[in-house]
Amino acid sequence: MQTLTILVGSTNPVKINAVEGAFSALFPQTLIQCQGLSVPSGVPDQPMNEADTRQGAVNRVIACQRQAEADYYVAAEGGVDEFIDGPATFAYVVIADKHKQSVGRSANLPLPPVVWRALQAGEELGPVMDRQFQQTNIKHKGGAIGLLTNGRETRQSAYHQALVLAMAPFLHPQLY
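So, here's what we can say about the structure. In this text, all values refer to a predicted model and were calculated from it rather than measured experimentally.

Our next topic: the overall build of the protein. Along the backbone of the protein there are 7 helices and 6 strands. Listing every helix and strand of the protein by position from the N terminus yields β-α-β-α-β-β-β-β-α-α-α-α-α. The C-alpha radius of gyration computed for the protein amounts to 16 Å, which stays within 12% of the reference 16 Å derived for 176 residues, consistent with globular compactness. Along the three orthogonal principal directions, the C-alpha set of the protein runs to about 50 × 30 × 30 Å. Here the protein holds 176 residues, and 47% of them are scored as buried. Considering only intrachain contacts with a sequence separation of at least 6, the fraction spanning at least 24 residues in the protein is 58%. In the protein, the 13 positive side-chain charges and the 15 negative ones have mean positions that sit 2 Å from each other.

Conventions adopted
- Residues numbered from 1 in each chain as written.
- Predicted model: local features only at pLDDT ≥ 70, side-chain atom pairs only at ≥ 80, totals over all residues.
- Heavy atoms only, no water.
- Helix = DSSP H or I, 4+ residues; strand = E, 2+ residues; numbered from the N terminus.
- Rg over C-alpha atoms; globule rule 2.2 N^0.38 Å.
- Buried < 20%, exposed > 50% of the residue type's maximum accessible area, 1.4 Å probe, protein only.
- Contact = heavy atoms within 4.5 Å.
- Lys, Arg positive; Asp, Glu negative; His and termini not counted.
- Charge placed at Lys NZ, Arg CZ, Asp CG, Glu CD.

So yeah, pure geometry; function would need other evidence.
Quick look at the structure:
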């Protein structure tokens, strides 16, 4: 059985499980070995715009590439921004191998005004959502997505979809 080694730029179990699930779905006959690494994002703990969120994911992949050899290097960075339709949270994902990099993005989850105001005041999304829903450490569970969709989607499912989509250039290199 073939093995794929993947370094994930985080030790958050939600991110590691999303990567492992996405790669297992794409390569069902392959043994997937995911390892999380604690690497810096180089951006604020709560990215407040798309540019910082994307850069955080890119930075994490670069840091993974510098630490060890792997078949793939993957990072997911959650952030927030204010869009034409209001504030939302989302994530950027970056997947790289030794030759190329693919960047993907999740869907937007609209944020309640009370949450957006707390973020603008300098708080992070996880603790704000913990407080709003009387939870503990939601960012290592279903995240704001799980709370605001009544568990129909989760932080992990949003990362999973973005990762699968970002793999297209690796699955069909002749087209890219």
